[in-house]
Amino acid sequence: MFLFSPWRSALAPQAALDLANAHLENSRKANSSELALTFCKDAEKALARIKTSVRKTCVLSSRAEDRALCNEIATTYSELGELLDGLGYPTKAQTYYKSEGKW
């Protein structure tokens, strides 16, 4: 039995986004590329917790709050791509640049 919920458990989209952004901020502040890459992987896991169904609902919504969330998620994917590109992983970065366009 887990003391805390496993990382795959559901998180509200905004909470997953906040977690991803915290990991990206830590990556930017990391004093080694190995540590920065670890934080990028953690950000990737947090973003993966935002379900595809949320994306479909968010993208099709006309509500300002939903569109703002979509834009924030897209920006986070772009920032993840930029960090990975800077760490020497341009192929992986392209994956996140493409993900940005889906939001």
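As a reminder, the structure under discussion sits directly above these lines.
Residues numbered from 1 in each chain as written. Predicted model: local features only at pLDDT ≥ 70, side-chain atom pairs only at ≥ 80, totals over all residues. Heavy atoms only, no water.

**Some words on helix H1 (residues 13-29)**
Cut-off, in case you're wondering: Helical segments are the DSSP runs of H or I of at least four residues, strand segments are the runs of E of at least two, and each set is numbered from the N terminus. Helices are assigned an expected span. That span is 1.5 Å times one less than the residue count. Note on exposure labels: buried denotes an accessible area under 20% of the residue type's maximum, exposed denotes more than 50%, and partly exposed covers the range between, all computed with a 1.4 Å probe on protein chains only. Each C-beta atom gives one direction from the helix axis, and the arc is the one those directions make. Should any heavy atoms of two residues lie within 4.5 Å, those residues are counted as being in contact.
Given a rise of 1.5 Å per residue, 17 residues ought to cover 24 Å, and the 25 Å separating the end C-alpha atoms of H1 matches this to within 8%. Among the residues of H1, those classed as buried are Ala-16, Leu-17, Ala-20, His-23, Leu-24 and Ser-27. Projected down its long axis, H1 carries its buried residues within an arc of 125 degrees, all on one side. Looking at the buried residues of H1, the elements they touch are helix H2 (33-48) and helix H4 (64-86).

**What to know about the nonpolar core**
The test is simple: Definition of nonpolar core: a set of buried residues of the types Ala, Val, Leu, Ile, Met, Phe, Trp, Tyr and Cys, connected through side-chain atoms within 4.5 Å.
Counting 22 residues, the largest nonpolar core has Leu-47, Ile-50, Ile-73, Tyr-77, Leu-80, Leu-84 and Trp-103 as the members making the most contacts within it. Elements that contribute at least two residues to this core include exactly H1, H2, H4 and helix H5 (90-102). If you tally residues by element for this core, the top one is H4, at eight residues. Dropping the residues within four chain positions of it, Leu-80 is found in contact with Leu-24, Cys-40, Ala-43, Glu-44, Leu-47 and Tyr-96.

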